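Listed here are the chains, written in short residue letters.
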Amino acid sequence: MKDEATFQSVLTSLHEAALDPARWPGFSAVVDEALGVHGGSLLFGDGESDDDVRIGFQWTCIRGQRRTDLERLYFGTFYPLDERVPRLRHAPDGHLLHNTEVFTEQELKTSPVYRFFRTHGNAGDAVNVRLDGPGGSRILWFVHDPVDRDGWSSPRLDSIRRLLPHIRQTVRVQVALGRAGTLGMTLANLLDATGLGVIQLDGRARIVAANDRARRLLRIGDILYDTGGSLFARTPTANTELQDLLTRALPPYGSGGAAGSMIARRPSGQPPLVLHVIPVGGEETDPGAWPIAAMVLIPNATEASDVEVTAVAETLRFTRAESQVAVLLAGGMTAREVAAATGRREGTVRSHIKHMFTKHGLTRQADLVRLVRSLAGVGH
């Protein structure tokens, strides 16, 4: 890239795109200008073979324009034929590969996939790279042809390599938001969501921003509060657990953070809340380069769905049987219907409910349902 200011401009645009996918074409335009290329494609998916591959998303942009027509054409026609896919699946992490290294000499002459990219995407001279994604997933980034037709100089390739940890982190952020049930929300909607509390933290666990609901919780202060820009839980036990989660999510530079969840109880006897602490900073990015290092999310319990029994058992510390009952109740069943569905006696189901009430200081089934629904989208 031309200079450090250009690189920082690219990073700023990429950070915005990480939290707001609608801004990806804007980032693409900035990086195209900085690298002097025609465009690029980002693809995220997992699976070990063609039979079980799952594509999360693909963004193809040329000159700053999202090309959904090319995306549909690729997946509808050319993806099953793409000779690069099995080769890139096992390529070394972060290793740049020219088209001549992922297509054979014969394929460069006869492959319909190569012809498609060369003709429709200005990508006959493209560079390809695979990155390890979260949970065994894979990220593929294709950088299209240089505009000046001078080929891939060392400075141009070095600029791509410098961006790779930030590209990886963009996907990690998207996956983190997906696990919290907020994938696809724009940054503005995420911060303005009335049902979802969002607190954004920097690498020192200091509060960068919070939306209205989170600010109300901090202002009331019966569960969470801030002092000097740092986040604390009101009760000593909860604060110990919260600080442990923050430490795990924000380890020293050079190691990866871990997500976690906890129960935060109100002393006033109102239903407790579930807090999800999710790292969104990357150990491979430059210190301070990523503006938001972690998020504390407080889901909207009334709109949550698709709760997993395992998530309920691990986060709420219920037994497996109790968790199954809780999930079915959260899905709208009555105690009698849960008994019929699970082959248990209704008295046994009600006994499980009472035990769950006792564990979390609840008195109403509606409060239990809200608590369980707040775990929607949290996978383990």
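On a predicted model such as this, the values are computed, not experimentally measured, just so you know.

1. Points about the packing of aromatic side chains
Right, so step 1: If you walk through the whole model with that rule in mind, you get 10 aromatic pairs.
Right, so step 2: Ring geometry for phenylalanine 78 against phenylalanine 116: centres 4.5 Å apart, planes inclined by 20°, an arrangement best described as stacked. Remark: phenylalanine 116 occurs in helix H7 (residues 112-120) and phenylalanine 78 occurs in helix H3 (residues 68-78); sequence separation between them is 38 residues.
Right, so step 3: Residue classification places phenylalanine 78 among the buried positions, given a relative accessible area of 14%.
Right, so step 4: The side chain of arginine 162 reaches across the aromatic face of phenylalanine 7, ending 3.6 Å from its centre.

2. Some remarks on the nonpolar core
Right, so step 1: Membership of the largest hydrophobic core comes to 30 residues, with the highest contact counts inside it found for Trp24, Phe27, Leu42, Trp141, Ile160 and Ile167.
Right, so step 2: Going through the elements one at a time, helix H1 (4-19), helix H2 (24-35), strand E1 (39-46), strand E2 (54-62), strand E5 (127-132), strand E6 (138-143) and helix H8 (154-179) are the ones with two or more residues in this core.
Right, so step 3: Among the elements that line this core, the one with the most residues is H8, at 6 residues.
Right, so step 4: Membership of the second largest hydrophobic core comes to 26 residues, among which are Ile199, Leu201, Leu242 and Leu245.

3. Comments concerning the packing of helix H13 (residues 320-330) against helix H14 (residues 335-342)
Right, so step 1: With their axes 10 Å apart at the nearest point, H13 and H14 run at an angle of 125° to one another. It follows from the interaxial angle that H13 and H14 lie oblique. In this structure, the crossing between H13 and H14 has a hand that is right-handed. From H13, Gln324, Val325, Leu328 and Leu329 reach across to H14, where they touch Ala335, Val338 and Thr342.
Right, so step 2: Among the residues making up the contact of H13 with H14, the classes are represented as 5 nonpolar, 2 polar and no charged.

4. Concerning H13
Right, so step 1: Here H13 has its buried residues at Glu322, Ser323, Val325, Ala326, Val327, Leu329 and Ala330.
Right, so step 2: For H13, the secondary structure elements touched by its buried residues are helix H12 (309-316), H14, helix H15 (346-360) and helix H16 (365-373).
Right, so step 3: Immediately downstream of H13, the backbone of glycine 332 shows phi near 110°, a positive value.

5. Here we look at the sheet that holds strand E11 (residues 260-264)
Right, so step 1: Read across the sheet, 5 strands follow the order E8-E7-E13-E12-E11 without closing on themselves; strand pairing throughout is antiparallel. Looking at which strands have only one partner, the edges of the open sheet turn out to be strand E8 (207-210) and E11. Between one strand and the next, the sheet's axes are offset by a mean angle of 20°, whatever the strand orientation.
Right, so step 2: Two elements, strand E7 (residues 197-201) and strand E13 (residues 294-298), share 5 bridges in a ladder whose sense is antiparallel. Within the sheet, the bridge partner assigned to isoleucine 199 lies in E13 and is valine 296.

6. Regarding the pairing of E1
Right, so step 1: Where burial is concerned, most of E1 is hidden: 7 out of the 8 residues are buried.
Right, so step 2: With 8 bridges connecting them, E1 and E2 associate as antiparallel partners. Paired with serine 41 across the strands is threonine 60, a residue of E2.
Right, so step 3: In terms of strand pairing, E1 meets E6 through 6 bridges, oriented antiparallel.

7. A closer look at the sheet that holds E2
Right, so step 1: Reading across the sheet, the 6 strands line up as E3-E2-E1-E6-E5-E4 and stay open at both edges, with antiparallel pairing between neighbours. Pairing within the sheet leaves two strands with one partner each, and these edge strands are strand E3 (65-66) and strand E4 (97-98).
Right, so step 2: In this fold H3 packs onto E1, E2 and E3, with an angle of close to 135° to the strand it touches most, E2.

What counts and what doesn't
Residues numbered from 1 in each chain as written. Predicted model: local features only at pLDDT ≥ 70, side-chain atom pairs only at ≥ 80, totals over all residues. Heavy atoms only, no water. Phe/Tyr/Trp six-rings, centres within 6.5 Å; stacked < 30°, edge-to-face > 60°. Helix = DSSP H or I, 4+ residues; strand = E, 2+ residues; numbered from the N terminus. Buried < 20%, exposed > 50% of the residue type's maximum accessible area, 1.4 Å probe, protein only. Lys NZ or Arg CZ within 6 Å of the ring centre and 35° of its normal. Core = buried A, V, L, I, M, F, W, Y, C linked by side-chain atoms within 4.5 Å. Axes fitted to C-alpha atoms, helices over the stretch in contact; angles between N-to-C directions. Parallel < 35°, antiparallel > 145°, perpendicular 65-115°, else oblique. Left-handed = near helix turned anticlockwise from the far one by under 90°. Contact = heavy atoms within 4.5 Å. Nonpolar A, V, L, I, M, F, W, Y, C, P; charged D, E, K, R; others polar. Pairing = 2+ DSSP bridges.

Worth remembering: the numbers are spatial, not functional.
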